[in-house]
Amino acid sequence: MKKVVLAYSGGLDTSCIVRWLKEKGYEVICFVADLGQGLSQGENFEAIEKRALAAGASKVYIRDLQEEFISDFIIPALKANAVYEGKYLLATALGRPLIAKYLVQIAHKEKASAVAHGCTGKGNDQVRLEVAIGILDPRLEIIAPVREWEFKSREEEIEYALKYNIPIDVTKKKPYSIDRNLWGISIEAGVLENLEQEPPEDAYMITKSSTQSASYPRYLEVTFTRGVPVKIDGKVFKIKNLINHLNEVGGQFGVGRTDMVENRLVGIKSREIYEAPAATILYTAHKELEALVLDRELAHFKEIISLKYAELVYYGLWFSALKEALDGFVSKTQKFVSGSIKLRLSKGTCVAVGRKSAHSLYKKELSTYGKEDKFDQKLAEGFIKLWGMPYKR
Ligand code: ARG
């Protein structure tokens, strides 16, 4: 029998897919990636495994990929300050190539000829998974049941699940489509499709609204070593705990919400809201530290790289030669990105209010307007003459 490895989430779509693939004559192996998605109440990986088996899977792989997600995907994106269209910190987009990598790995281990996923034909995620899979092993067949199957609605899928005794909680209403991992949450569909309407509070999962959050500010100091966050308020944290902690604290102060209309790769504009407290805090701090330690030309050039980097991540080109080359550049820039940034979190805002670094290029004796001034103002005159010279007629 032909074998297929399916990226399985435990939800209705992928549970129906297990059965659907079996009907098509495949032996189905499920792969569940733990990227810190924070399972919903009453849910756990054991229950997900059971559901996969009940739906007809012959085997289930559950892999905790959080450490790798952080070290190989999140940290490089943070070092690059990668932001898509000025707002999206790419949590979903960064997870996809990692899932693809393990789909391929497990397919090899199981000698499967195909891999499958539950993405729709209208989104970015199908592109990211399939482009990555194609790069990692072009011989694997890729099946995207949602693009071709007969179900037209959630109700029809539920009917199918009931018919084949696929144990799914059909009572759960799903007002939104949600993708979550430890770097952030992406929320779309439902009332969010009305662009004129403010997202309802119930759409947000981990952040308080700015009106509900505390009236007092919270100060926080983040310490980086070569671009990697290592301490909060002087205390060393394991990176995963550091991110979880900042999600918690940031969420309390309403930090990290984004409401945007974005350009999807497949040509559609879509409205999406995001929650990424830790990512927002760490980006703010990281950029502030770079402002202190990078020289002007490097800093300005790096901004161009950030844009390109974010595009590559969004476009599913993680395993491309250009992305790898940009990582080389970005790594070099982090040599002196060590130091501490003090931030103030308050009512949905996160701003840097203090900074220090042993590699700071800030020289008070040059910038001061006080009496300790060492800047030779006479030099400015000649400098300006030469600087402006080419533009005179
Ligand atoms: N728009 C985001 C992206 O393309 C998130 C996509 C997944 N979102 C979701 N709500 N299921 O990366």
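To keep things clear, this report deals only with the structure shown in the data block. (Residues numbered from 1 in each chain as written. Predicted model: local features only at pLDDT ≥ 70, side-chain atom pairs only at ≥ 80, totals over all residues. Heavy atoms only, no water.)

Now for the packing of aromatic side chains. Applying the stated rule across the entire model yields 16 aromatic pairs. When the centroid spacing of 6.4 Å and the interplanar angle of 75 degrees are considered together, the rings of Trp20 and Trp149 count as edge-to-face. Of this pair, Trp20 sits in helix H1 (residues 12-23) while Trp149 sits in the loop between helix H6 (145-148) and helix H7 (154-163); the two residues are 129 residues apart in sequence, bridging distant segments of the chain. For Trp20, a relative accessible area of 5% puts it in the buried group. Between Tyr84 and Tyr314, the ring centres sit 3.6 Å apart and the planes meet at 10 degrees, which makes this aromatic pair stacked. Taken together, the residues span a long stretch of sequence, with Tyr84 in the loop between helix H3 (66-80) and helix H4 (91-109) and Tyr314 in helix H10 (residues 296-314) at a distance of 230 residues. Under the relative-accessibility criterion, Tyr84 is labelled buried at 5%. An aromatic cluster of three or more residues is present, and its members are Trp20, Trp149, Phe151, Tyr160 and Tyr164. Lys235 extends its terminal NZ or CZ atom over the ring of Phe237, reaching a point 4.7 Å from the ring centre. We note Arg257 situated over the ring of Tyr204; from NZ or CZ to the ring centre the distance is 3.6 Å. (Phe/Tyr/Trp six-rings, centres within 6.5 Å; stacked < 30°, edge-to-face > 60°. Helix = DSSP H or I, 4+ residues; strand = E, 2+ residues; numbered from the N terminus. Buried < 20%, exposed > 50% of the residue type's maximum accessible area, 1.4 Å probe, protein only. Lys NZ or Arg CZ within 6 Å of the ring centre and 35° of its normal.)

Next up on the list: empty space enclosed by the protein. Overall, the coordinates contain one cavity of 30 Å³ or more when judged by the stated rule. Approximately 70 Å³ is the volume attributed to the largest cavity. Residue lining of the largest cavity: Lys87, Tyr88, Leu89, Leu90, Ala91, Trp183, Ile185, Gly256, Thr258, Tyr274, Ala276 and Thr280, and that is the complete set. Taken together, the residues that form the lining of the largest cavity break down as eight nonpolar, three polar and one charged. (1 Å grid on protein atoms, 1.4 Å probe; cavity = no way out; pocket = protein on both sides within 12 Å on 5 of 7 lines; lining within 4 Å. Points joined across faces, edges and corners; volume = space filled by probe spheres on them. Nonpolar A, V, L, I, M, F, W, Y, C, P; charged D, E, K, R; others polar.)

This part takes up a nonpolar patch on the surface. A cluster of nonpolar side chains, contributed by Tyr219, Val351 and Val353, occupies part of the molecular surface with about 230 Å² of accessible area. Checked against the element boundaries, Tyr219 lands in strand S8 (residues 218-225). (Patch = residues over 30% accessible without salt bridge, like charges linked within 9 Å, V, L, I, M, F, W, Y side chains within 5 Å. Areas by Shrake-Rupley, 256 points an atom, 1.4 Å probe, with all protein chains shown as cover. Salt bridge = Lys/Arg side-chain N within 4 Å of Asp/Glu carboxyl O.)

Ordered in space as S10-S9-S8-S13-S14, the five strands form an open sheet in which the pairing is antiparallel. Looking along the sheet, the strands with just one partner apiece sit at the ends: strand S10 (235-236) and strand S14 (349-356). Pairing of strand S13 (residues 339-346) with S14, which is carried by seven bridges, proceeds in the antiparallel orientation. Across the sheet, the residue bridging to Leu345 is Cys350, located in S14. Packing against the sheet, helix H9 (residues 277-293) makes contact with S8, strand S9 (228-232), S13 and S14, and its axis sits at approximately 135 degrees to S13. (Pairing = 2+ DSSP bridges. Contact = heavy atoms within 4.5 Å. Axes fitted to C-alpha atoms, helices over the stretch in contact; angles between N-to-C directions.)

Residues in close proximity to the ligand total 14 residues, the closest being Tyr88, Asn124, Ser177, Glu262 and Glu272. About the coverage of the ligand: the protein hides 92% of its 350 Å² of free accessible area. Only H4, helix H5 (125-136), strand S6 (177-181), strand S7 (184-188) and strand S12 (269-275) provide two or more residues apiece to the shell around the ligand. Here the residues of the shell around the ligand are counted per class, giving four nonpolar, four polar and six charged. (Near = heavy atom within 4 Å.)

Turning our attention to a negative patch on the surface. Taken together, the side chains of Glu150, Glu155, Glu156 and Glu159 make up a negatively charged region of the molecular surface. Position of Glu159 among the secondary structure elements: in helix H7. (Lys, Arg positive; Asp, Glu negative; His and termini not counted. Charge placed at Lys NZ, Arg CZ, Asp CG, Glu CD.)

Next up on the list: the side chain of Ser357. Structurally, Ser357 is set in the loop between S14 and helix H12 (364-367). Look at Ser357 and you get buried, because its relative accessible area is 16%. In terms of polar contacts, Ser357 uses its side chain to reach the backbone carbonyl oxygen of Ser338, at 2.6 Å. Setting aside chain neighbours within four positions, we find Ser357 in contact with Leu289, Leu292, Val293, Phe336, Ser338 and Gly339. (Polar contact = N/O pair within 3.5 Å; in protein donor to acceptor, adjacent residues only side chain to side chain.)

A few words on the packing of H4 against H5. Where H4 meets H5, the closest approach of the two axes is 8 Å, and the angle between their N-to-C directions is 40 degrees. Judged by the inter-axis angle, H4 sits oblique to H5. In the packing of H4 onto H5, the handedness of the crossing is right-handed. Residues Thr92, Ala93, Arg96, Pro97, Ile99, Ala100, Lys101, Leu103 and Val104 of H4 touch H5, and the partners they reach there are Asp125, Arg128, Leu129, Ala132, Ile133 and Leu136. (Parallel < 35°, antiparallel > 145°, perpendicular 65-115°, else oblique. Left-handed = near helix turned anticlockwise from the far one by under 90°.)

A word on the layout of surface pockets. Taken as a whole, the second largest pocket holds about 470 Å³ of empty space. In terms of lining residues, the second largest pocket is bounded by 20 residues, among which Asn81, Val83, Tyr283, Lys287 and Ser306 are the most central. Where the lining of the second largest pocket is concerned, the elements lending two or more residues are strand S11 (257-263), H9 and H10. Here the lining of the second largest pocket takes six residues from H9, the largest share from any one element. For the lining of the second largest pocket, the class distribution of residues is seven nonpolar, seven polar and six charged.

Tracing the backbone shows Leu345 in strand S13. As a C-alpha pair, Leu345 and Ala214 span 131 residues in sequence and 9.9 Å in three-dimensional space.

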